[in-house]
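Take a look at the letters that make up each chain.
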Amino acid sequence: MQFRIKSFFAAVLITCLAACGGSNSGGADDNILRRGTASEPASLDPQIANGQSASAIINDLFVGLMASDAKGKTVGGIAESYAVSEDGKSYTFKLRPDLKWSDGEPLTSSDIVWSFQRLMSPETGARYASNLYVLKNGRLVNTGKVPVESLGVAAPDPQTVVFELERRVPYFPRILLSNATAPLPQHVVSKYGRDWTKPGNIVSNGAFVLKEWVPNTRILMTKNDLFFDAENVKLAGVEYFPTDNTGTLVKRYRAGELDIVLNFPPEQLELLKRSFGEEVHSTTNYGLNYYLFNNKKPPFDDVRVRKALSIAVDRKGIVDKILSGEAEPAWTMVPSDISDYKRIVSPDASRSQADREKEAKALLAEAGFNATNPLQLDIRYDTKEESRQIAIAIASMWKDIGVEAELSASDFRGITSDSRSGNFDVIRYQWFAPYDDPSTFLSLLSGRSATNLSGYNSPAYDALVASADDIVDVEKRMEQLARAEQAAMKEYPVLPIYFSTARRLVSSKVVGWSDFPGGNVQSRFLSLK
């Protein structure tokens with residue numbers, strides 16, 4: 001089956017872009033780097049925030065024990081070294097000397113311990129707390145069964161932090177790249193509570209400090225002279241411009257108002273390449289775009305219904321027609337750019353669309369749906385244009401197998417809230433790995449993970465994923481994780497659509513930009529000509 005997505009603004013847009021020409025020239029006079037991003041962050045609290053837009057900003061404000069360098073390599077952040085016990089269950093980190101918060105207060109190991117206790121406290125409601133269930137008593141603390149003081153993190157002296165783990169976790173240093181594991185200033189959070197991230201209140205330890213935040217308009221930060229590597233930070237500040245309309249970002253870039261755009265509409269890719277050449281960047285970014293089935297709600301608790309809806313979707317058609325080929329069709333959960341992982345290819349991927357549609361209709365009939373009793377459902381999606389087009393395409397494909405789908409748009413906050421509360425039939429979601437390991441994607445299906453929003457639950461799957469960490473041989477560990485993913489995907493708990501790419505515009509005046517998976521260079525490594 002083929003489909004067509006009509007975009008009535010396309011001709012006008014292409015004419016406008018072709019006529020505008022020119023090169024970006026903003027930012028150099030006052031040494032302020034100006035970056036455009038695709039949405040307004042709901043929070044800048046590293047333990048509460050979610051989404052790539054918030055992550056990029058937080059990376060400029062905070063640095064954890066581990067960090068990514070200018071080429072995307074995992075290196076020490078505020079930790080200058082670490083050691084691992086022979087059994088792999090204990091990690092000891094040594095902090096850099098004389099670390100300070102942006103207000104001049106010392107940053108010590110006790111700040112690290114308090115931050116992890118806050119992260120795992122059930123009162124915090126941290127979305128990524130489940131990533132730290134590997135800590136001794138992590139799950140028990142996060143579920144309120146034992147006090148936070150029993151968490152497996154300690155500070156034997158002001159320069160040392162020791163983590164005790166439940167089991168061997170070879171990728172533990174990578175977990176510490178997550179924004180959620182950044183240290184927080186206890187003296188400030190305790191004073192201001194949830195308002196601690198507001199300008200005038202916030203204290204951070206990264207290369208920059210927040211100075212102004214005008215919602216849906218701009219976020220301004222200036223250089224932190226107390227940052228441990230401040231001498232190598234070339235910029236005087238960074239200014240972020242958030243908007244849900246990525247086409248607006250392109251216009252501002254053309255007008256010289258932005259130096260970097262962190263997302264742009266895929267249909268503009270080829271035209272932008274003709275206009276800006278090497279200023280256009282596209283890289284893999286550890287990202288999965290998928291739809292959640294509400295596995296706890298009839299009829300989506302029926303694997304026949306989930307399979308029918310899944311196999312009826314033409315992923316390649318969506319990627320080619322809507323995303324201009326700038327993505328990889330997804331039939332599984334883990335992207336191919338995750339290190340060392342070799343996923344098992346889904347047999348559905350090689351079948352013809354006609355064959356899949358035929359089986360989908362038969363499965364729905366088995367589940368009790370037909371022309372007189374059609375399956376009716378609601379598709380939720382966010383307000384970005386490409387999300388709208390994909391939702392329309394999926395509804396059309398489902399119509400071909402007798403499904404009646406209503407479309408409902410919502411902003412990013414609404415999607416996040418409803419997906420977490422289970423208020424949906426089928427809802428568009430996305431996941432970007434906080435660290436380079438398949439476990440972060442596989443946790444999206446783990447029965448006890450806070451990032452599992454589909455309601456899927458398989459103890460056998462959970463056991464396979466957990467026991468893989470006991471396997472010392474990297475290749476054998478990855479093989480077991482691949483088998484676990486294969487077993488889960490046979491039950492079609494979610495609907496993967498594509499593995500995303502990072503689309504960036506980077507002015508020729510920006511010095512220090514590199515392309516690597518993830519597609520975002522922290523501002524502290526950049527400068528302006």
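Above this note sits the structure.
In this report, the structure presented in the accompanying data block is examined. (Residues numbered from 1 in each chain as written. Predicted model: local features only at pLDDT ≥ 70, side-chain atom pairs only at ≥ 80, totals over all residues. Heavy atoms only, no water.)

## Regarding the nonpolar core
Thought 1: Formed by 107 residues in total, the largest nonpolar core has its most connected members in L65, F93, F116, F163 and F172.
Thought 2: Excluding its chain neighbours within four sequence positions, the residues that come into contact with F163 are L65, K89, S90, Y91, F93, I112, F116, L135, G152, V153 and F172.
Thought 3: Judged by nonpolar contacts, the second largest core, of 36 residues, contains I311, F369, Y381 and A395. (Core = buried A, V, L, I, M, F, W, Y, C linked by side-chain atoms within 4.5 Å. Buried < 20%, exposed > 50% of the residue type's maximum accessible area, 1.4 Å probe, protein only. Contact = heavy atoms within 4.5 Å.)

## Digging into the layout of surface pockets
Thought 1: Roughly 530 Å³ of internal volume is contained in the second largest pocket.
Thought 2: Lining the second largest pocket are 23 residues, and of these Y133, R139, R167, S446 and A466 sit closest to its centre.
Thought 3: Contributing elements (two or more residues each) for the lining of the second largest pocket: α4 (138–142), α14 (439–442), α15 (459–468) and α16 (474–489).
Thought 4: At four residues, the largest contribution of residues to the lining of the second largest pocket is made by α15. (1 Å grid on protein atoms, 1.4 Å probe; cavity = no way out; pocket = protein on both sides within 12 Å on 5 of 7 lines; lining within 4 Å. Points joined across faces, edges and corners; volume = space filled by probe spheres on them. Helix = DSSP H or I, 4+ residues; strand = E, 2+ residues; numbered from the N terminus.)

## A short note on the packing of helix α7 (residues 246–254) against helix α8 (residues 269–276)
Thought 1: Two elements in contact, α7 and α8, have axes separated by 13 Å at closest approach and are oriented at 10 degrees. When the axes of α7 and α8 are compared, the pair comes out roughly parallel. Note on element contacts: α8 touches α7 through L272, S275 and F276, opposite V250, Y253 and R254. (Axes fitted to C-alpha atoms, helices over the stretch in contact; angles between N-to-C directions. Parallel < 35°, antiparallel > 145°, perpendicular 65-115°, else oblique.)

## Side note on the pairing of strand β1 (residues 32–37)
Thought 1: Of all the six residues making up β1, six are buried; the element is thus mostly covered by neighbouring parts of the structure.
Thought 2: The two faces of β1 match: I32, R34 and G36 on one face and L33, R35 and T37 on the other face are all buried.
Thought 3: The sheet contact formed by β1 and strand β10 (residues 237–242) spans six bridges and is parallel. The partner of R34 across the bridge, within β10, is E239.
Thought 4: Both β1 and strand β11 (residues 260–261) contribute to a ladder of two bridges, which runs parallel. Following the sheet pairing, G36 is matched in β11 by V261. (Pairing = 2+ DSSP bridges.)

## Topic: the pairing of strand β6 (residues 153–157)
Thought 1: Pairing between β6 and strand β7 (residues 160–164): three bridges, direction antiparallel. Bridge pairing in β7 places D157 opposite T160.
Thought 2: Between β6 and β7, which pair antiparallel one after the other, the connecting turn spans two residues.

## Remarks on the sheet that holds strand β5 (residues 90–95)
Thought 1: In spatial order, the strands read β4-β5-β7-β6; together these four strands make up an open sheet with antiparallel pairing. Two strands in the sheet have a free side with no partner beyond their single neighbour: β4 (79–84) and β6. Along the sheet, successive strands turn relative to each other by an average axial angle of 25 degrees, direction set aside.
Thought 2: Bridge analysis of β5 against β7 gives five bridges, and the strand direction is antiparallel. Within β7, the residue paired with K94 across the bridge is T160.
Thought 3: Lying on the sheet, helix α3 (residues 109–120) is in contact with β5, β6 and β7; it crosses β6 at an angle near 170 degrees.

## Brief notes about the pattern of salt bridges
Thought 1: Counted by the stated rule, this structure contains 25 salt bridges.
Thought 2: Of the charged contacts, one joins R304 and D302 as a salt bridge, the two residues approaching to 2.8 Å between their closest N and O atoms.
Thought 3: For R304, a relative accessible area of 30% translates into the label partly exposed.
Thought 4: Between R380 and D418 there is a salt bridge, with its nearest N and O atoms 2.8 Å apart. Taken together, the residues R380 in strand β14 (residues 376–382) and D418 in helix α13 (residues 412–421) connect sequence positions 38 residues apart.
Thought 5: A relative accessible area of 15% places D418 in the buried class.
Thought 6: Salt bridges linked by common partners bring D30, R34, E212, R218 and E239 together as one network. (Salt bridge = Lys/Arg side-chain N within 4 Å of Asp/Glu carboxyl O.)

## Here's the deal with empty space enclosed by the protein
Thought 1: The tally for this structure, following the rule as stated, stands at one cavity of 30 Å³ or more.
Thought 2: Taken as a whole, the largest cavity spans an internal volume of roughly 30 Å³.
Thought 3: Residue lining of the largest cavity: I78, L99, K100, L107, N205, L226, F227 and F228, and that is the complete set.
Thought 4: Per-class residue counts for the lining of the largest cavity are six nonpolar, one polar and one charged. (Nonpolar A, V, L, I, M, F, W, Y, C, P; charged D, E, K, R; others polar.)

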